Every structure is written in C-alpha cells, then in structure tokens.
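Below, each chain spelled out in residue letters.
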Amino acid sequence: MDKEQLKLQVSEKIKLIRVEYGYTQSKMAEILGLSKKTLVQIEKGRTIAGWTTVVAVCALFQDSEVLKGVLGDAPLEIAETIAHHQVERPVGKTLGGKVWWTTLKEKEDFLLQQNMISKHYRIIDDQFDRWFSTFEEEEAYRRFEELGK
C-alpha cells in the first residue's frame, strides 16, 4: 500500500465514516478542517482527499468499524508507516494481532506479523508493544532477526 492507495481507500469511505459517527457534513468538515464544499466533493467521488485529511481521518476515527473494515485494526499505524516508510522504535500497545494479523515468525520475546488487509509488517513484543513496522518484507525479516539477538 502507498499514499495514493490509502488516500483513495479513505476517500471512498469518508461518507460512511461520517454516517457511522452520526455527523452532519458541516460537523465532519469542521472536525477535519475542510470546507463543507470540499467534503461534499470527496463524498461524491469528484475528488480524492489530501494526505493531511487522510491522516486526520486515520487519527481521529481510528476506532471506526468502517475504517477498520478497509485497513484493519491499526489505521493510524498504516498512515504512520507510509509517511515514514518504516517505524523503528517502541511506539505503544497493540491488541496483539488476534484478528487482522498473521504471525509469520516467533522468536524469544518477539512476533513478526503481517496485516491481512494492508499487507504491512510489524514486530511486537510479548507485551504487545509495537517495535517496528514497514511495508518492506526483507527489512521486516532483517529487523526481526536483529531484535531476536
């Protein structure tokens, strides 16, 4: 997944996310820092949301069932990984990957997982803290081997 794919997927679901939260177009536009006219254009498929709008949606609506249905359990993690190309530091708790993740490898205190929807990789520890994420398979396996030492 890349920036353009994420922008397209979020743009296609922005109206459903708004409806899920029970917001009017005016309220949703205000929350996202858009004009109502711009939001209407996105909802009607006439334009695609910009990167900052997509990141705002991923951050502000990360608990949205609609958004999770498209991106899995970690929409903000996907945006962050795309923006930074990879994330390489302990960055907080995950739910452990029981639903949206496939565990590829286990070693000592770490798991290497791949998201079933976005296909990005992450490394979490036995306390479910995320240590690393990337879309690059080779880099994910390399970092997993390093962390396991």
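Peer 1: Whenever I open this one, the packing of helix H4 (residues 51–60) against helix H6 (residues 75–84) confuses me. Can you help?
Peer 2: Packed helices, taken two at a time, are described by the angle their axes make and the gap between the axes. Where H4 meets H6, the axes come as close as 7 Å, and the angle between the chain directions of the two elements is 145 degrees. Crossing handedness for the pair H4 and H6: left-handed. Across the interface between the two elements, Trp51, Val55, Cys58 and Ala59 from H4 touch Pro75, Leu76, Ala79, Ile82 and Ala83 from H6. For the contact of H4 with H6, the residue count by class is 9 nonpolar, no polar and no charged.

Peer 1: So what exactly am I meant to see when it comes to unusual backbone geometry here?
Peer 2: As a rule of thumb, non-glycine residues mostly have phi less than zero, and peptide bonds are mostly trans rather than cis. In this model, Lys119 sits at a positive phi of 70 degrees, which is unusual for a non-glycine residue. Mapped onto the secondary structure, Lys119 falls in the loop between strand S3 (110–115) and strand S4 (121–125). A positive phi angle is found at Phe128, which is not glycine, with a value near 70 degrees. Take Phe128: it is sitting in the loop between S4 and strand S5 (130–134).

Peer 1: How should the pairing of S4 be read in this particular structure?
Peer 2: Within a regular beta strand, the side chains point alternately toward one face of the sheet and then the other, so they alternate between its two faces. Counting buried positions over the 5 residues of S4 gives 5, a clear majority of the element. Alternating positions in S4 separate into two faces, Tyr121, Ile123 and Asp125 on one and Arg122 and Ile124 on the other, with burial throughout. Bridge count for S3 against S4 is 5 bridges, and the pairing is antiparallel. Bridge assignment links Phe110 to a residue of S4, and that residue is Asp125. As consecutive antiparallel partners, S3 and S4 are separated by 5 residues, and within that stretch Lys119 has a phi angle of approximately 70 degrees, a positive value. Relative to S5, S4 runs antiparallel, the two sharing 4 bridges. By the bridge assignment, Ile124 is partnered in S5 with Arg130. Hairpin connection between S4 and S5: a loop of 4 residues separates the two successive antiparallel strands, and Phe128 in this loop has a positive phi of roughly 70 degrees.

Thresholds, definitions, all that
- Numbering of residues starts from 1 in each chain and follows the order in which that chain's sequence is written.
- For this predicted model, a pLDDT threshold of at least 70 governs which residues receive local features, and a threshold of 80 or more governs which side-chain atom pairs are given and counted, while totals over whole chains, interfaces and linings are taken from all residues.
- Side-chain measures here rest on the full set of heavy atoms in the structure, leaving out hydrogens and waters.
- Note on method: axes are straight lines fitted to C-alpha atoms, helices fitted across the in-contact stretch only, with angles between N-to-C directions ranging 0 to 180 degrees.
- Secondary structure elements are taken from DSSP: a helix is a run of H or I of four residues or more, a strand is a run of E of two residues or more, and numbering for both begins at the N terminus.
- Helix crossings get a hand from a simple test, with the near helix turned counterclockwise from the far one by less than a right angle marking a left-handed crossing and a clockwise turn marking a right-handed one.
- Note on contacts: a residue pair qualifies if any of its non-hydrogen atoms lie within 4.5 Å across the two residues.
- Under the grouping applied here, Gly and all other residues not named as nonpolar or charged are polar, the nonpolar ones being Ala, Val, Leu, Ile, Met, Phe, Trp, Tyr, Cys and Pro and the charged ones Asp, Glu, Lys and Arg.
- Note on classification: 1.4 Å probe, protein chains only; a residue is buried when its accessible area is under 20% of the maximum for its type, exposed when over 50%, partly exposed between these limits.
- For two strands to pair, DSSP has to find at least two bridges joining them.

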